[in-house]
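A closer look at the structure
Okay, here's what each chain looks like letter by letter:
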Amino acid sequence: MSYQNYVVAAYAVFAIVLAWDFVAPRLQIRRELRAARLRVARDNSRNGSTELTR
Amino acid sequence: MNPVVRWFHQLGSPPYFDRFAQRWTPWAYGLAVLVMAYGLYGALFMVPADYQQGDSFRILYIHVPSAWMSMAIFALMAIYAAIALVWRIKLCEILAMACAPIGAAFTLVTLVTGSIWGKPMWGTWWDWDPRLTTELILLFLYLGVIGLYNAIDDRRAAARAAGLLAIVGVALLPVIHYSVTWWNSLHQGQTISLFGKSHMDPSMLPPLFAMIVATKLWFIGSLLARARADNLRREAGKDWVRKLAGAMQ
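Residues numbered from 1 in each chain as written. Chains lettered and ligands numbered in written order. Predicted model: local features only at pLDDT ≥ 70, side-chain atom pairs only at ≥ 80, totals over all residues.

1. As for the overall build of chain B
The criterion, for reference: In this description a helix means any DSSP run of H or I spanning at least four residues, a strand means any run of E spanning at least two, and both kinds are numbered starting from the N terminus. Exposed residues have 12 or fewer other C-beta atoms within 10 Å of their own C-beta, buried residues have 20 or more, and partly exposed residues fall in between, where C-beta atoms are placed from the backbone. Our contact criterion uses C-beta atoms placed from the backbone: two residues qualify when those atoms are within 7 Å.
From N to C terminus, chain B includes nine helices and zero strands. N-terminal to C-terminal, the α/β element order of chain B is α-α-α-α-α-α-α-α-α. Over its C-alpha atoms, taken along the principal directions, chain B stretches across nearly 60 × 35 × 35 Å. Counting across all 249 residues of chain B, residues that qualify as buried make up 39%. Here the contacts in chain B between residues at least 6 apart in sequence split such that 77% fall between residues at least 24 apart.

In structure tokens:
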């Protein structure tokens with residue numbers, strides 16, 4: 001194949017950018033759901049505590 | 001009520017949209033990968049080498065669909081932003097802002113692959129040619145929209161400000177499209193036409209059309225995933241998000 005290095009480099013850039021585009025929103029969704037889980041856990045522990053009602 | 005209108009109204013509900021996006025994102029990505037696999041195989045192994053450019057012309061199969069996407073996504077982002085500004089539809093704000101990083105990614109691919117193709121064909125990585133320069137400005141506009149959206153804490157105010165920039169920036173699209181006609185450009189003129197006669201051999205076209213379809217399907221998958229992430233971020237603290245997070249433990 002002529003100009004093989006250029007072709008490989010161009011397709012590699014395409015693959016890397018699409019891979020980032022695939023992973024980035026997944027990580028963000030995971031982060032948001034983890035934050036929501038922590039918020040629920042924090043609220044539950046606050047409601048279960050007798051510290052303020054003593 | 002008309003089922004389509006009812007569905008449209010339902011889609012405006014954040015929990016409904018979350019379920020919709022969660023359901024359809026894998027389908028869009030899956031179809032995109034299948035069509036892209038055919039397109040890439042055809043581009044790299046089926047079509048013959050160009051008689052002048054040799055195999056370097058194979059870069060066209062990722063460069064052209066990305067360039068089309070870079071402009072189409074900006075136009076769509078401006079449409080969503082205009083709808084969000086006029087009718088204050090929250091989902092349209094989310095969709096408009098979800099367009100920006102995907103459009104920026106395709107613009108980056110366009111610029112980099114064009115540069116990689118330009119080195120052996122033009123003898124330079126970069127030239128301040130009208131088409132290249134306007135495409136670079138498009139990337140800066142995308143980055144401006146992303147930056148503005150993330151610079152303001154109030155999500156709705158941020159979306160309105162960034163949406164306004166998208167609407168103003170849409171004036172650049174005809175300049176990019178006609179830059180090869182209006183100015184004496186190093187970049188070649190239009191060689192591929194969806195409806196008219198293309199200046200490419202028909203044997204070279206099927207993988208290109210496959211890649212054009214595949215990038216659109218990919219965009220749908222990515223848009224749904226990014227919009228879902230932003231929807232969750234905006235709705236953090238709401239009961240349905242807490243339930244969803246609990247259910248996913």
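Read on for the rest.
2. Quick word on the overall build of chain A
A count of helices and strands for chain A gives one helix and zero strands. Taken over 54 residues, chain A has a buried fraction of 24%.

3. A few points about unusual backbone geometry
Within the chain, tyrosine 3 of chain A stands out as a residue other than glycine whose phi angle is a positive 55°. With respect to the helices and strands, tyrosine 3 of chain A occurs in the segment before helix H1 (4-48). At arginine 88 of chain B, a residue that is not glycine, the phi angle is positive and equals roughly 55°. Looking at the secondary structure, you find arginine 88 of chain B in the loop between helix H3 (60-87) and helix H4 (90-122).

4. Some thoughts on the packing of helix H5 (residues 130-151) of chain B against helix H7 (residues 172-182) of chain B
Residue and element names in this part refer to chain B. For clarity, the cut-off: Angles shown run from 0 to 180 degrees and are taken between the N-to-C directions of axes, each axis being a line fitted to C-alpha atoms and, for helices, limited to the stretch in contact. Angles below 35 degrees are treated as roughly parallel, those above 145 as roughly antiparallel, those between 65 and 115 as roughly perpendicular, and all remaining angles as oblique. For any helix crossing, the convention is left-handed if the near helix is rotated counterclockwise from the far helix by under a right angle, and right-handed if that rotation is clockwise. Gly is placed with the polar residues, together with every amino acid not listed as nonpolar (Ala, Val, Leu, Ile, Met, Phe, Trp, Tyr, Cys and Pro) or charged (Asp, Glu, Lys and Arg).
At a minimum axis separation of 8 Å, H5 and H7 run at an interaxial angle of 160°. As judged from the angle between their axes, H5 and H7 are roughly antiparallel. Crossing angle aside, the handedness with which H5 passes H7 is left-handed. Judged by residue contacts, Pro130, Arg131, Thr134, Glu135, Ile137, Leu138 and Leu141 of H5 engage Leu172, Val175, Ile176, Ser179 and Val180 from H7. Taken together, the residues that form the contact of H5 with H7 break down as eight nonpolar, two polar and two charged.

5. A word on the interface of chain A and chain B
Each side of the interface is counted separately: chain A has 25 residues, and chain B has 34 residues. In terms of residue class, the side of chain A that touches chain B is built from 17 nonpolar, three polar and five charged.

6. Points about the packing of H3 of chain B against H4 of chain B
Residue and element names in this part refer to chain B. Two numbers describe how H3 lies on H4: the axes approach to 8 Å, and their chain directions differ by 160°. Taken together, H3 and H4 sit at an angle that is classed as roughly antiparallel. For the crossing formed where H3 meets H4, the hand is left-handed. Class assignment for the residues of the contact of H3 with H4 results in 20 nonpolar, eight polar and one charged.

7. A word on the environment of valine 180 of chain B
Residues and elements named next belong to chain B. Secondary-structure assignment places valine 180 in helix H7. Taking the C-alpha atoms as reference, valine 180 lies 42 Å from valine 5; in sequence the two are 175 residues apart. What valine 180 contacts, discounting residues up to four positions off in sequence, is Arg131, Ser185, His187 and Gly189.

8. As for helix H9 (residues 239-247) of chain B
The following threshold applies: The arc refers to the directions leading from the helix axis to the C-beta atoms.
Every buried residue of H9 of chain B is listed here: Val241, Leu244 and Ala245 of chain B. Looking straight down H9 of chain B, one finds that the buried residues subtend no more than 100° of arc, so they occupy a single side. Those residues of H9 of chain B that are exposed and angled more than 90 degrees off the buried face are Asp239 and Ala247 of chain B. At its buried positions, H9 of chain B is contacted by H1 of chain A together with helix H8 (205-234) of chain B.

9. Considerations on the nonpolar core
Worth spelling out the cut-off: In these notes, a nonpolar core means any group of buried Ala, Val, Leu, Ile, Met, Phe, Trp, Tyr and Cys residues linked to one another through C-beta atoms within 7 Å.
Counting 73 residues, the largest nonpolar core has Ala10 of chain A together with Ile59, Met77, Leu95, Ala96 and Cys99 of chain B as the members making the most contacts within it. Within the residue set of this core, elements represented by two or more residues are H1 of chain A together with helix H2 (14-46), H3, H4, H5, helix H6 (155-169), H8 and H9 of chain B. If one sorts the elements of this core by residue count, H4 of chain B sits on top with 15 residues. Once you skip the residues sitting within four places of it in the chain, cysteine 99 of chain B turns out to touch Ile73, Leu76, Met77, Tyr80 and Leu223 of chain B.

10. A word on the confidence of the model for chain B
Keep this limit in mind: One number per residue, pLDDT, summarises how confident the predictor is, and it ranges from 0 to 100.
Mean pLDDT over chain B: 93, with 99% of residues reaching 70 or higher. Interface confidence for the predicted complex, given as ipTM, is 0.92, next to a pTM of 0.93.

11. A word on the environment of isoleucine 116 of chain B
Position of isoleucine 116 of chain B among the secondary structure elements: in helix H4. Given 24 C-beta atoms within a 10 Å radius, isoleucine 116 of chain B is considered buried. Linking isoleucine 116 of chain B and serine 56 of chain B, residues 60 residues apart in sequence, is a C-alpha distance of 9.2 Å. Setting aside residues no more than four positions away along its own chain, isoleucine 116 of chain B makes contact with Tyr6, Ala9 and Ala10 of chain A together with Ile59 of chain B.

12. Points about H5 of chain B
Residues and elements named next belong to chain B. Let me state the cut-off plainly: One less than the number of residues in a helix, times 1.5 Å, gives the span that helix is expected to have.
With 22 residues, H5 ought to run about 32 Å at 1.5 Å a step, and its terminal C-alpha atoms sit 31 Å apart, in line with that. Within the span of H5, buried status applies to Pro130, Arg131, Leu132, Glu135, Leu138, Leu141, Tyr142, Val145 and Tyr149. Looking at the buried positions of H5, the neighbouring elements they touch are H3, H4, H6 and H7.

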